[in-house]
Amino acid sequence: MNGKKGSFEINIPSIPKAKMPGNGKKSSGDDTAFFSCKVWIWNVWEFCKEDSNRVVFSLKVGLAVLLVSLLILFQAPYKVFGTNIIWSILTVAIVFEYTVGATFNRGFNRALGSLLAGILAIGVAQLALSTGRVAEPFVIGISIFLIGTVTSFMKLWPSLVPYEYGFRVILFTYCLIIVSGYRMGNPIKTSMDRLYSIAIGGIVAVLVNVLILPIWAGEQLHKELVASFNAVADSLEECVRKYLQDDGSDHPEFSKTVMDEFPDEPAYRKCRTTLNSSAKLESLANSAKWEPPHGRFRHFFYPWSEYVKVGTVLRYCAYEVMALHGVLHSEIQAPYNLRITFQKEIQDATTQAAELVRSLGKDVSNMKRTLKTALLKRVHSSTEQLQRAIDMHSYLLTSNYEPSDSSKPLPKLSHTLSSTLYDLSNQLAELDKTDLDQTLNLTNQNPPPPQTESYHEMMRKQSRRLHSWPSREVDAFEEEGSFSADIMIPRMKALESTAALSLATFTSLLIEFVARLDHLVESVDELSRMAKFEHEGL
């Protein structure tokens, strides 16, 4: 009661009130931490699920390090090698690579570098001992300077770049052996113990990598090349399909689309990965050369370099696909009705080309050698039809032709592939005569509103960029100053013609892609011949 009749005063303690926000924040923080941990676990799971060999590789490295560490943990081997046995652990950590071929390559560089460094260290140590205690440190110091200079220069030599790690091993192994031998007083014993430890580590790394679920660089290279074929074919079909279906009604900003890396085009990202796969293919090919015959690759001197050559030709085809993708997202766009006018010819050429690329990838995957004569003929035939259609209807790509309806395909000349030039000229003559008669009839009647006004009305109604470039509307041209109709209309027609020529650019890039397929077929045939693929006639 607060002294007034019929009223009450409720006192709320301050302590519970202070605790409530604190408890809420703690709960919110716990939820956030739990959610972040859950997201991280999910990302790790997806990363492992994408390539299970990553988990296998990690477990094998842990096993190899454990086996070498037992030499230190047990007393008997530790008495034999002493503290030098720790070099075995360093060798395993350095030599153990993802693939068997890379491990052999790294192990060879490690073994050869350590052997040369041990021989040099023993020789220089004996020379330093013969000079006396006063001159000994100077001899050792000068030798370290010379070894560091020579090895650092040699690993930069272009032909010796693959052995760069070997020169690095020579440098640090020599320095460690010569300096520790000088302090311990017995460089020969120190060198031999460390060479034994390095050999033990290298042998353990190689045996574990080869005998327990081996990951072959040759298999990785083979799968990578096959995936590149499928990526190029998928990206080509995706790009052409979007180009023919896009009517411009929902065209996002190019800058936003680039920042999002084209989320609605998954095949594009795969094709871009193909363009960036040059270094990966070369690295896998160099590692595969060190691997013994295995699996499906059962003969010596397998032509791994041919895989790199095929990948190079395939990338040149992918360049054309990326150029088509650039036209798809360019600021200059051909009208939708002009694109669908040649829809059948473009789709046929695209379908046949993608089928040929997939067929080549399937042959490489199955290691079969098949004849591609029939597929090549169909590809060339569909491309010739596209070329013929563009040539016969090139008048549609000029500014002199104005469509009446922008949502329907433009009229095309009735022709067949077997029509002669005489028939084509007659059709063009009849078309010109019809246009002339229509023009005369219009001039004899009451003149309709000027064509310029209807053109302006059409341009004002279009808020999206379909027929103009730069992307400004007609009002912007009128506000710039004293533009007369005689100046503005030709300028607008020129811009419209430029937009129409975008279709010619797209079709020429598609035809160039087909032309490069001939080189791709030749490179795959050369690979199948050198790799002795099983011959299978169609």
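Given the structure is predicted, the values throughout are model-derived calculations rather than measurements.

This paragraph deals with the packing of helix 15 (residues 343–366) against helix 16 (residues 373–392). Across the interface, helix 15 lies against helix 16 with an axial gap of 8 Å and an inter-helix angle of 155°. Looking at the two axes, helix 15 sits roughly antiparallel to helix 16. Every pair of crossing elements has a handedness; the one defined by helix 15 and helix 16 is left-handed. Contacts between helix 15 and helix 16 involve Glu-345, Ile-346, Asp-348, Ala-349, Gln-352, Ala-353, Glu-355, Leu-356 and Ser-359 on the former and, on the latter, Leu-375, Leu-376, Arg-378, Val-379, Ser-382, Thr-383, Gln-385, Leu-386 and Ala-389. The class makeup of the residues in the contact of helix 15 with helix 16 is nine nonpolar, five polar and four charged.

Take helix 4 (residues 86–95) next. Along helix 4, the residues that are buried comprise Trp-87, Ser-88, Thr-91, Val-92 and Val-95. Take helix 4 and look down its axis: the buried residues cluster within an arc of 140°, on one side only.

A word on the layout of surface pockets. Sizing a probe to match a water molecule and rolling it over the atoms shows the empty space that remains. Its volume calculated, the second largest pocket comes out at about 540 Å³. Along its surface, the second largest pocket is lined by 20 residues, and Glu-50, Glu-224, Ala-227, Thr-273 and Lys-280 are the ones closest to its centre. Breaking the lining of the second largest pocket down by element, the ones donating at least two residues are helix 9 (217–245), helix 11 (266–275) and helix 12 (278–288). For the lining of the second largest pocket, the element with the most residues is helix 9, which contributes eight residues. Here the residues of the lining of the second largest pocket are counted per class, giving four nonpolar, eight polar and eight charged. A domain-level breakdown of the lining of the second largest pocket finds at least three residues from each of domain 1 (48–211) and domain 2 (217–250 + 261–399 + 498–535).

Let's shift gears to the confidence of the model for the protein chain. Any residue range with low pLDDT should be treated as having predicted coordinates unsuitable for detailed reading. Mean pLDDT for the protein chain: 75, with 69% of residues reaching 70 or above. The low-confidence segment residues 12–26, where pLDDT is below 50, has zero contacts with residues more than four positions distant or belonging to other chains. Overall, residues 446–485 carries pLDDT values under 50, and its contacts beyond four positions in sequence, including any with other chains, amount to 56 contacts.

With that settled, the discussion passes to helix 12. Buried residues of helix 12: Leu-281, Leu-284, Ala-285, Ser-287 and Ala-288, and no others. All buried residues of helix 12 lie within an arc of 165° about the axis, which places them on one face of the element. Packed against the buried residues of helix 12 are helix 5 (100–131), helix 9 and helix 13 (304–328).

Rules and cut-offs
Residues numbered from 1 in each chain as written. Predicted model: local features only at pLDDT ≥ 70, side-chain atom pairs only at ≥ 80, totals over all residues. Heavy atoms only, no water. Axes fitted to C-alpha atoms, helices over the stretch in contact; angles between N-to-C directions. Helix = DSSP H or I, 4+ residues; strand = E, 2+ residues; numbered from the N terminus. Parallel < 35°, antiparallel > 145°, perpendicular 65-115°, else oblique. Left-handed = near helix turned anticlockwise from the far one by under 90°. Contact = heavy atoms within 4.5 Å. Nonpolar A, V, L, I, M, F, W, Y, C, P; charged D, E, K, R; others polar. Buried < 20%, exposed > 50% of the residue type's maximum accessible area, 1.4 Å probe, protein only. Arc of directions from axis to C-beta. 1 Å grid on protein atoms, 1.4 Å probe; cavity = no way out; pocket = protein on both sides within 12 Å on 5 of 7 lines; lining within 4 Å. Points joined across faces, edges and corners; volume = space filled by probe spheres on them. Domains from an automatic or database assignment. pLDDT = per-residue confidence, 0-100.

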